Amino acid sequence: MAIKRVAAWLITIALILGLIVVGKDYLVPIFMALVIWYLVNALDREFNKLPGIGKHLPGAVTLAMSLIFIGLTLYIVGDTIVETIQGFVSDSQKYIPRIDAQIARVYGNFGFENPPTLDSLELSTQLWAYSAELLNGITNFAKGLLLVLLYVVFFLIEQGAFGRKMTALGLPLQETNRLSVVLDKVNSAMRTYLGVKTFTSMLTALLSWGVFYFIGVDYALFWAFLVFLFNYVPTIGSITATILPGFLALVQFDTLTPFLVIIIGVTAIQLLVGNVLEPRLMGDNLNISPLVVVLSLILWSMLWGVVGMFLSVPITVAIIIICSQFETTRAVAVLLSKNGNV
C-alpha cells in the first residue's frame, strides 16, 4: 500500500507539473489576475476606512475605484519604463566612451596593456539588440495585461456570488466549515503578504530614490521603480535592483564614491526595511522556510520565467495553508514551513 501511495503521489505531481508547463500561456494571466484581485480588495478595504467616504459609497463603487486606480498605475508605470528604455538607448552613445575609459583604467591599475573597447567586443550592438528585445517584451506584456484586467473584472463579479454558491453546494457542515477555514486563511495570508510587501516595497523605493537623487545618478525614478518591483522577488531581487544603478554610477561618474554610496546606502535600506520592519508587519503569516523560499524561486522561475519569480512566494504560501488542513498532506506543510508549526 505504501508503494502504491508513493507512486500515486509521484504521478499526481508529474501531472501537475506537466499541466503547469504546458498550460503556461493560460495559467500565468490567471495567476497574475488573482494577485491584482487581492490588491484590489486590499485597496478597497483601505478606501472603506476613509472617513466620510468609505461609509457612504456602495461596495461596487469602491471596488471600481480600486480597479481603476491600479489600472492607471500600471499604465503610468509601463509608459515610464518605455520612455526610460528609449532614453537610455538614445543616450547610450555618451556612455560608450565612459565605459571604455573605465575598462582602460582597470587594465591600467593591473598593469595590462591594450584594453578592449565596446566596439571590439561588439557590446554596443548587443545593447541595441537587447533593448529592442526588451521593448518588444514590454509591448507583449501590455497586450497581455488587458486580458489580465479582464480576468480581474470577472473575479470581482464572481466574488459577490461565491458565498451563495458555497451554501447551494449542500455539503456537510463539517466539510463546509473546513473549506471556509481554508479559503479564509489563504485570503488572509495573501492580503497580508501582498499588502505588507507593497507597502514595504514602496517605502524602500522612496528611500532609495532619495539616495539616487542625492547622488545625481541618471534615471533615478526608473531605478527607484526597479527597486520597488524587484523587492517582490526573494533574495536576488534586492541584489539586482542595487547592483544595476551602481553599475550606471560607475559609468556616469569618474570616482568610486557614488558607486559605494549607492551600494552601501540602498543595501542598508533593504536590510532595515526587509529584516526589521517587514517581519513586524508580516507577523506569522509568512511561515515559510528560507530554504524553501529559494528553492521555490528557482522552481517557479524555471517553469514560468520572470513572472514565476514574482509569484513564487504567494503560491508557496497557498500550498502550505492548503496542505496543512488535511492529514494526508500535513507533512508537506510541515516540511515547507519555517518552524514546523502549521
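Relevant structure appears above.
Residues numbered from 1 in each chain as written. Predicted model: local features only at pLDDT ≥ 70, side-chain atom pairs only at ≥ 80, totals over all residues. Heavy atoms only, no water.

K.L.:
Is there a simple way to think about the overall build of the chain in this case?
P.N.:
A tally of regular secondary structure across the chain gives 12 helices and 0 strands. Along the chain, from the amino end to the carboxyl end, the secondary structure elements read α-α-α-α-α-α-α-α-α-α-α-α. Across the 342 residues in the chain, those meeting the buried criterion constitute 36%. Counting contacts in the chain only where the partners sit at least 6 residues apart, residues at least 24 apart contribute 68% of the total. Accessible surface, the chain as shown: approximately 20,500 Å² in total, 71% of it carbon and sulfur. (Helix = DSSP H or I, 4+ residues; strand = E, 2+ residues; numbered from the N terminus. Buried < 20%, exposed > 50% of the residue type's maximum accessible area, 1.4 Å probe, protein only. Contact = heavy atoms within 4.5 Å. Areas by Shrake-Rupley, 256 points an atom, 1.4 Å probe, with all protein chains shown as cover.)

K.L.:
Honestly, the packing of aromatic side chains in this entry has me stumped. Any pointers?
P.N.:
Here a ring pair, both rings aromatic, is described through the centre-centre distance and the interplanar angle of the planes. The tally for this structure, following the rule as stated, stands at 8 aromatic pairs. Seen in terms of ring centroids, Phe228 and Tyr232 are 5.6 Å apart; in terms of plane orientation they differ by 85°. Their pairing is edge-to-face. For the pair Phe228 and Tyr232, a shared accessibility class is recorded, and that class is buried. The rings of Phe31, Trp300 and Trp304 are connected pair by pair, giving a single aromatic cluster. (Phe/Tyr/Trp six-rings, centres within 6.5 Å; stacked < 30°, edge-to-face > 60°.)

K.L.:
Which parts of the structure should I look at to understand a nonpolar patch on the surface?
P.N.:
Judged by side-chain polarity, Leu147, Leu150, Val153, Phe154 and Ile157 come together as a nonpolar surface patch covering roughly 450 Å² of accessible area. The topology assignment puts Val153 in helix H6 (residues 123–168). (Patch = residues over 30% accessible without salt bridge, like charges linked within 9 Å, V, L, I, M, F, W, Y side chains within 5 Å. Salt bridge = Lys/Arg side-chain N within 4 Å of Asp/Glu carboxyl O.)

K.L.:
Is there a simple way to think about the side chain of Asn231 in this case?
P.N.:
In this structure, Asn231 sits in the loop between helix H8 (220–230) and helix H9 (236–252). Exposure remark for Asn231: the relative accessible area of 8% places this residue in the buried category.

K.L.:
Would you mind showing me how to read the environment of Ser337 here?
P.N.:
Relative to the helices and strands, Ser337 is located in the segment after helix H12 (330–336). Looking at Ser337, the relative accessible area reads 4%, which means it is buried. Between the alpha carbons of Ser337 and Val317 there is a distance of 9.0 Å; along the sequence they are 20 residues apart. A distance of 2.8 Å separates the side chain of Ser337 from the backbone oxygen of Val334, its partner in a polar contact. (Polar contact = N/O pair within 3.5 Å; in protein donor to acceptor, adjacent residues only side chain to side chain.)

K.L.:
Is there a simple way to think about the packing of H9 against helix H10 (residues 257–282) in this case?
P.N.:
Packed helices, taken two at a time, are described by the angle their axes make and the gap between the axes. Taken N-terminus to C-terminus, the directions of H9 and H10 make an angle of 165°; their axes are 8 Å apart at the nearest point. Taken together, H9 and H10 sit at an angle that is classed as roughly antiparallel. Between H9 and H10 the crossing geometry is right-handed. The segment H9 lies against H10, with Ser238, Thr242, Ile243, Pro245, Gly246, Phe247, Ala249 and Leu250 engaging Pro258, Phe259, Ile262, Ile263, Val266, Thr267 and Gln270. Looking at the contact of H9 with H10, its residues break down into 10 nonpolar, 5 polar and no charged. (Axes fitted to C-alpha atoms, helices over the stretch in contact; angles between N-to-C directions. Parallel < 35°, antiparallel > 145°, perpendicular 65-115°, else oblique. Left-handed = near helix turned anticlockwise from the far one by under 90°. Nonpolar A, V, L, I, M, F, W, Y, C, P; charged D, E, K, R; others polar.)

K.L.:
I keep staring at the nonpolar core and nothing clicks. Help me out?
P.N.:
Across soluble globular proteins, you tend to see nonpolar side chains buried next to one another. Val40, Val152 and Trp304 are the most contacted members of the largest nonpolar core, which totals 39 residues. When residues of this core are traced back to their parent elements, those giving at least two are helix H2 (24–49), helix H3 (59–90), H6, helix H7 (173–215) and helix H11 (290–324). Look past the residues within four positions of Val152 in its chain and what remains in contact with it is Ala33, Ile36, Trp37, Val40 and Leu67. Grouped together as the second largest cluster of nonpolar side chains are 23 residues, Val217, Ala220, Phe222 and Leu226 included. (Core = buried A, V, L, I, M, F, W, Y, C linked by side-chain atoms within 4.5 Å.)

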